[in-house]
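Spelled out from the first residue to the last, the chains are:
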Amino acid sequence: ESVRQNHAHCLEGACLGAHILSLHGYGALLMDLRASAKDDDHIVTPFKKNGRFGCLSVSNHESLRFRNPVYRSLRELTMSYFDDYMNGDGQRTLRCYSLPLDLQARGNSDWILERGLEGSRAVAVEIDEVRHFMLFEKREIKTGL
């Protein structure tokens, strides 16, 4: 659908990126970057090359896009977004990240061809249910980041 419309939000772009990476021998993975209640979450497509993590990403903000595969862990990759992950008030809002959701392990390939909101909604619900890891303790957040 994203190709047909020549437009994608982060989730649709991440699904397209996951599909393209899967055609090149990588996993079709999505990872949720969860923000505070004062901002929007973001979905990225992590991949691993030579033992290091990188990711593809679609965003209106250039600094929230592609990352080269130089990060040793998913947490380290996530933290590379921290300084630029801000809401309109200039507050840093990135709070946690998820384990990768493997789209190929879902048991069907409908996610590749599904059109419109219904196709992405099922993926959004699934990634929301994946285990997430906090980047900071609550007391650290209260003191201001």
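Residues numbered from 1 in each chain as written. Predicted model: local features only at pLDDT ≥ 70, side-chain atom pairs only at ≥ 80, totals over all residues. Heavy atoms only, no water.

### Some thoughts on the pairing of strand 3 (residues 52-56)
In the sheet, strand 2 (residues 42-49) pairs with strand 3 via 5 bridges, with the strands oriented antiparallel. If you follow Phe47 over to strand 3, its bridge partner there is Gly54. Adjacent in sequence and paired antiparallel, strand 2 and strand 3 are bridged by 2 residues, among which Asn50 carries a positive phi angle near 55°. The pairing of strand 3 with strand 4 (residues 67-71) spans 2 bridges and is classified as antiparallel. When the bridges of strand 4 are listed, Cys55 appears paired with Arg67. (Pairing = 2+ DSSP bridges. Helix = DSSP H or I, 4+ residues; strand = E, 2+ residues; numbered from the N terminus.)

### Some remarks on the nonpolar core
Counting 16 residues, the largest nonpolar core has Met31, Leu33, Leu77 and Leu94 as its most contacted members. When residues of this core are assigned to their parent elements, the largest contribution, 3 residues, is made by strand 1 (residues 29-35). Discounting chain neighbours no more than four positions away, the residues touching Leu94 are Leu33, Arg34, Ala35, Thr78, Tyr81, Phe82, Tyr85, Leu135 and Phe136. By size, the runner-up hydrophobic cluster in this structure holds 12 residues, among which are Leu11, Leu30, Leu103 and Ile127. (Core = buried A, V, L, I, M, F, W, Y, C linked by side-chain atoms within 4.5 Å. Buried < 20%, exposed > 50% of the residue type's maximum accessible area, 1.4 Å probe, protein only. Contact = heavy atoms within 4.5 Å.)

### Notes on the side chain of His42
By the element assignment, His42 lies in strand 2. Here the side chain of His42 touches Ser57 through a polar contact of 2.6 Å, side chain to side chain. (Polar contact = N/O pair within 3.5 Å; in protein donor to acceptor, adjacent residues only side chain to side chain.)

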